[in-house]
Amino acid sequence: MNSYTSWGRYPRSHPAEVVPLSWISRIPDFNQFSHPVLVYGKGRSYGDTCLNDGGVLLDSSGLDRFIQFDTHTGVLRCESGVTLQSVLRLSLPDWFLPVTPGTQFVTIGGAIANDVHGKNHHRAGSFGCHVRSFELLRSDKGRVFCSPEENKDLFAATIGGLGLTGMILWAEFQLKRASGPWIECEQIRFEKLDTFFELSAASDENYEYTVAWLDCASAGHKLGRGIFIRGNHSSAGPQDSHGPLPLPGFEAPEMLISRPTVRAFNWAYFNSQFRESTRNRVHYEKFFYPLDRVAEWNRLYGQRGFLQYQFVVPYQNREVVAEVLDLIARSREVCTLSVLKVFGSVSSPGLLSFPRPGVTLALDFPYQGQPTLDLCERFDQVMKRNGGVVYPAKDARMSAESFQTYFPQWKELSNFLDPRFESDFWRRVTPTNGNRQ
Amino acid sequence: MTRRVLILGATSGIAQETSRCFAAEHAKLFLVARDPQKLAAVAEDLKVRGAEAVETHQADLNAYSDHPAIINRAASVWQGLDAALIAHGSLPDQALVEKDSLVLRDALDTNYFSAVSLSMHLATVFEAQRSGVLAIIGSVAGDRGRRSNYVYGSAKAAIATFAAGLRLRLLPAGVKVVLIKPGWVSTPMTEHLPQNFLYISAQKAGRGVYQAITSPTSVVYLPSYWKWIMAIIRSVPEPIFAKLKL
């Protein structure tokens, strides 16, 4: 039997039962289970939104069939367990995902339930902006077709609804025209955050994709240095090539990821770029999914697992980024990865969506017990002072009070929950049974 | 050249993945399965994945009287057939088949008799057109009887012997018969069993079947290391084998 952990492998959770799903026409009645249910796709949510301790996990990875693809309009309909990787293998070289997160190993159902975003948020918004319709299976209403016109409230509640509004059976979404599998990519070194914000502002108009890697292991005058990455689709290069083959991941001893090794890696990565700026044509898999190269890279953190903290703050409060980096530098925590991006103003139809105009920073930390949690709690204090919001799909630890401050619309969402659906996350951040009518 | 391929048991986990490989090369696919809703879902998927044409035929393959009609339709719809895959099967509950003769007969029907009957009709078609590949999914379980699944294993052993003989019969006609013996595969058929590191995905198994159909080998283990595992298992003397509790 597969293990059903979340991507951060913290917290550990034990479902009472796992039910693999293979056919839309053969989904069991959710009311037959004595425990609450939750759909589990590829387990790429970092925290506990995809976990259901003591409950039933419905494994949707067998629902991996396409239903319809109009190669003239780029409209694709598929079952909810289809991965972004399968979509790309089908659609390229003519069509590309409208929005993609940093891994292609997520399901379409998961992309909708977490309303994922990517390097083109400033142009295209989140994944939910490109969803035309889907069908939900609910324990109380059976099959419900949802679109911006039909059952539009349930449509909005499901986008970013953390999988709690029922099971997405299939979805239809709009792909975008592509000119092949290659990306014209430019990398620019910057020494301070102000330069990043200038680069980002100057790139928004002419570059479809922008993001930055920060050297989060440096302190003092080096704080805020990093590499700004921007790119556009390229029509040059062979049209049918695949990216590099994956390398195996393994459960490493915990000392592999420690302060000296991370500092050395970051130093080497930052300085591997000798020139201030470089231009390359890179394969889309390398551009969008560098971490997918190592299968199960999350296991490199060892048994303890890791946390990701991703927030967004309004653009005028962007000094929060420096404040957070400073908190890290003054703590004993090891930040292994930090990714910075300026979101645009395209708003999502999702009720509980995370992406919104502002600056977003994602930070990875090996889980080292209470001190790691304390640091995240200090971040939360900064967020609340500055109108910040934390991304539930990445979260394993925020308090109920923090969640309800970030997402006051949670009460509205609770009107749309499927009465048989629950997750560890939802039990943690909302009052017990308070969400049930 | 567009291949015309018949898939019997098209909704099985392995067959679906093999069909996807054929769809990617824009083959024409004739799918046979029992459940019409599953069949429709598989057909839609294969069309999107590039199959030039997909025909479906709903049938219970344990109804032998339908076999001639199924094979005739599959062979006539595109005026000939380049390959056929017999992929249907079931893993019966060993405890149940030991007690209930009807369940026992049903297990042997599904895993042996229906496959033989379909093969006979296909042999006639392939022999007449003097070309074609007949691929049958056997199992490593057929290589040695084990207490946990010897009924299933005996059907798969019989299929192996049958395929070897049929291969010789069809050799002069230039028709290939390939027997594929998968080891442990994660599919809906095995989802209730505890799985270990030797399990491979249905996707990997399906691709292996596809490659076996196009390769010159006549017996293929999936993955190939099962050939060596089974060579060892077959060579273990009975008194020791009895103690292994396999």
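Our subject is the structure that appears above.
Residues numbered from 1 in each chain as written. Chains lettered and ligands numbered in written order. Predicted model: local features only at pLDDT ≥ 70, side-chain atom pairs only at ≥ 80, totals over all residues. Heavy atoms only, no water.

Across the boundary between the two partners, chain A contributes 14 residues, which contact 17 residues of chain B. For the pair chain A and chain B, the summed buried area comes to about 1300 Å², and 52% of that belongs to carbon and sulfur atoms. Sorting the residues of chain A by area buried against chain B places W23(A), R65(A) and F66(A) first, and these three jointly supply 40% of that buried surface. In this structure, R26(A) engages D35(B) in a salt bridge whose closest nitrogen and oxygen atoms are separated by 2.4 Å. Looking at the side of chain A that touches chain B element by element, the count peaks at 4 residues for strand β4 (residues 66–70) of chain A. (Contact = heavy atoms within 4.5 Å. Buried area = accessible area lost by both parts, 1.4 Å probe. Salt bridge = Lys/Arg side-chain N within 4 Å of Asp/Glu carboxyl O. Helix = DSSP H or I, 4+ residues; strand = E, 2+ residues; numbered from the N terminus.)

To continue, consider the sheet that holds strand β18 (residues 389–390) of chain A. Sheet strands pair via backbone hydrogen bonds, and the direction of the pair is either parallel or antiparallel. Residue and element names in this part refer to chain A. An order of β14-β11-β13-β12-β16-β17-β15-β18 is seen for the 8 strands of this open sheet, with the pairing classed as antiparallel. For this open sheet the edge positions go to β14 (277–283) and β18, each flanked by a neighbour on one side alone. As defined by bridge partners, strand β15 (residues 306–313) adjoins β18 across 2 bridges and the pair is classed as antiparallel. Note that in β18 the partner of V312 across the bridge is V389. (Pairing = 2+ DSSP bridges.)

For an α-helix the count is 3.6 residues per turn, leaving residues at separations of three or four pointing the same way. All names here are of chain B. Those residues of helix α3 (residues 67–77) not exposed but buried are H67, I70, I71, A74 and A75. Each buried residue of α3 sits inside an arc of 120 degrees when the element is viewed along its axis, so together they form one side. Remark: Q79 follows α3 within two positions and exhibits a positive phi of approximately 50 degrees. (Buried < 20%, exposed > 50% of the residue type's maximum accessible area, 1.4 Å probe, protein only. Arc of directions from axis to C-beta.)

A few words on the environment of L88(A). Residues and elements named next belong to chain A. Tracing the sequence through the fold places L88 in helix α1 (residues 84–91). According to the relative accessible area criterion, L88 is buried, its value standing at 0%. It is 9.8 Å that separates the C-alpha atoms of L88 and L175, two residues lying 87 residues apart in sequence. Not counting chain neighbours up to four residues away, the residues in contact with L88 comprise F96, L97, Q104, Y284 and Y289.

We now examine the sheet that holds strand β5 (residues 133–137) of chain B. Residues and elements named next belong to chain B. Ordered in space as β3-β2-β1-β4-β5-β6-β9, the 7 strands form an open sheet in which the pairing is parallel. In this open sheet, the two strands that pair with only one neighbour each are β3 (53–58) and β9 (219–222). Shown here is a sheet whose adjacent strand axes are inclined to one another by a mean of 15 degrees, direction ignored. Across 5 bridges, β5 lies against strand β6 (residues 176–182) in parallel orientation. By the bridge assignment for β6, I136 is matched with L179. (Axes fitted to C-alpha atoms, helices over the stretch in contact; angles between N-to-C directions.)

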